[in-house]
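Read off the chains here:
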Amino acid sequence: MSSENSSADDEQRVWDVVVVGAGPAGASAAYAAAVAGRSVLLLEKAELPRYKTCGGGIIGPSRDALPPGFELPLQDRVHAVTFSLDGKFTRTRRSKQMLFGLINRPEFDQQLVEHAQKAGAELRTGVTVSRVEQHGSAVPDRRTVAVVLQGGEAVLARAVVGADGSASRIGAHVGVKLDQVDLGLEAEIPVPETVAEDWRGRVLIDWGPMPGSYGWVFPKGDTLTVGVISARGEGAATKRYLEDFIARLGLAGFEPSISSGHLTRCRADDSPLSRGRVLVCGDAAGLLEPWTREGISFALRSGRLAGEWAVRIAEAHDAVDTRRQALNYAFAIKAGLGVEMAVGKSMLAAFERRPGMLHAAITSFRPAWRAFAGITRGSTTLGEMVRSHPMAGRALSALDRRSAVAAPTVAESTPTTE
């Protein structure tokens, strides 16, 4: 079902929904709008498939948000996690059930786009969006938005979803405000089979030397994805951490096939999620988990919601109804993902002050490990854990209070292995 063209120019098509950005958030939005029977155009500036700096961990909430029939292109299934505190106090925890899966983003993103196309969305690649206009000469009426491409072409839509990444032009149009910006550095390191075998089914998480920083090793067949993340402004220290991390792991002798960096941006609590007939989701909205900076599940879930509400906005006949639907979208985001982000911010604050306490808890305190495993498997979320288990909320509050008055130590960690 397509909207009728109300433009004076009968040859100018008006799409029900235009989605900008073909990552997990954009592809999910395009799929959700297309399965509702609407005309959907998905715009992407790169040619697909394309590389993205990303660990590629697919946790339970990500799997639950995938389209029906989607088969994950898993490179590995994780059943064990090795934790270390800046290279020390190493301990491995294991699970009989899979904790999470590992994917390469080019294949994963491509499959998501293909599902959106099968649902009816049309894809245009190699196009860059310059700006969005909701008023002016390019806009034929108040129910229409103009997505202006580089070169001047205007694509018209009843609703627009911005999913164009953490440096989003659509986010700038909406007025997204950021509360936390971090720098992630990553290397894709091909390794011999003997090294790959040692990592198969197991990841490493290292709580880093700078406040709030950590590193990871994610095995993907004959390649190890090795990365670190910390607050922006610590660029030299973050690069040094990655170099030291790789050397400590005995991987310095292997040449990375790709070395890359990326800024992750987390929204402020009062940051808008819409403006007129334009919604934002995923990285473009600053939606990610503040402590781990996990973004794929937030992209998939917010993208699906954005696509569903974009359909409602496309059907809105006046500004009042448009505003009502946009507010409903914001409420849906804040009631689910917003709660998780609030808990994640508290976790980050505690982790920044006392990484040793968190390391000791997750490696030695069985309920903490079960909570970690439950979140990664998808049987719970940070938000649900705090809502459903009052003791978890009290423990987090106590950790916050204790961390505010005590300096980090490593003495609390247990130097044992499993």
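See above for the structure.
Summarised in this report is the structure supplied together with it. Please read these numbers as outputs of a predicted model, since none were measured by experiment.

1. Details of the environment of glycine 175
Among the structural elements, glycine 175 can be located in the loop between α4 (169–174) and β12 (178–190). Glycine 175 gets classed as partly exposed once you look at its relative accessible area, which sits at 33%. Here the alpha-carbon distance between glycine 175 and serine 274, two residues 99 residues apart in the chain, equals 8.4 Å. In this structure, glycine 175 is in contact with Ser271 and Pro272, ignoring residues within four places of it in sequence.

2. A look at the side chain of glutamate 188
Secondary-structure assignment places glutamate 188 in strand β12. Lysine 220 is the oppositely charged side chain nearest to the buried, salt-bridge-free glutamate 188, at an N-O distance of 4.7 Å.

3. What to know about the layout of surface pockets
Rolling a probe over the atoms, with the probe sized like a water molecule, indicates the empty space that remains. Volume-wise, the second largest pocket comes out at about 360 Å³. What lines the second largest pocket is a set of 17 residues, and nearest its centre among them are Gln134, His135, Arg142, Gly276 and Ala319. If one sorts the elements of the lining of the second largest pocket by residue count, helix α8 (residues 319–353) sits on top with 3 residues. For the lining of the second largest pocket, the per-class residue count stands at 3 nonpolar, 7 polar and 7 charged.

4. Here's the deal with the sheet that holds strand β4 (residues 74–78)
Reading across from one edge, β3-β7-β4 is the order of the 3 strands in this open sheet, with antiparallel pairing throughout. A strand with exactly one partner marks an edge of an open sheet, and here the two such strands are β3 (57–58) and β4. Where β3 lies against strand β7 (residues 100–103), 2 bridges are found, and the strand directions are antiparallel. Across the sheet, the residue bridging to isoleucine 58 is glycine 101, located in β7.

5. Points about helix α3 (residues 105–118)
Between its first and last C-alpha, α3 extends 20 Å over 14 residues, near the 20 Å set by a 1.5 Å rise per residue. Within the sequence span of α3, burial applies to Arg105, Pro106, Phe108, Asp109, Gln110, Leu112, Val113, His115 and Ala116. Packed against the buried residues of α3 are α1 (24–35), β2 (40–44), β3, β7, β8 (122–125) and α7 (296–315). Once α3 finishes, glycine 120 follows within two positions and takes phi at roughly 125 degrees, a positive value.

6. Some thoughts on the packing of aromatic side chains
Taken as a whole and assessed by the stated rule, the structure comprises 12 aromatic pairs. Their ring planes at 55 degrees and their centres at 6.0 Å tell us that phenylalanine 100 and phenylalanine 218 sit as a pair that is tilted. Here phenylalanine 100 is found in strand β7, whereas its partner phenylalanine 218 is found in strand β14 (residues 214–220), with 118 residues between them in sequence. The same class applies to phenylalanine 100 as to phenylalanine 218, namely buried. Ring centres 5.9 Å apart and planes at 40 degrees place the aromatic pair tyrosine 241 and phenylalanine 245 in the tilted group.

Thresholds, definitions, all that
Residues numbered from 1 in each chain as written. Predicted model: local features only at pLDDT ≥ 70, side-chain atom pairs only at ≥ 80, totals over all residues. Heavy atoms only, no water. Helix = DSSP H or I, 4+ residues; strand = E, 2+ residues; numbered from the N terminus. Buried < 20%, exposed > 50% of the residue type's maximum accessible area, 1.4 Å probe, protein only. Contact = heavy atoms within 4.5 Å. Lys, Arg positive; Asp, Glu negative; His and termini not counted. Salt bridge = Lys/Arg side-chain N within 4 Å of Asp/Glu carboxyl O. 1 Å grid on protein atoms, 1.4 Å probe; cavity = no way out; pocket = protein on both sides within 12 Å on 5 of 7 lines; lining within 4 Å. Points joined across faces, edges and corners; volume = space filled by probe spheres on them. Nonpolar A, V, L, I, M, F, W, Y, C, P; charged D, E, K, R; others polar. Pairing = 2+ DSSP bridges. Expected span 1.5 Å × (residues − 1). Phe/Tyr/Trp six-rings, centres within 6.5 Å; stacked < 30°, edge-to-face > 60°.

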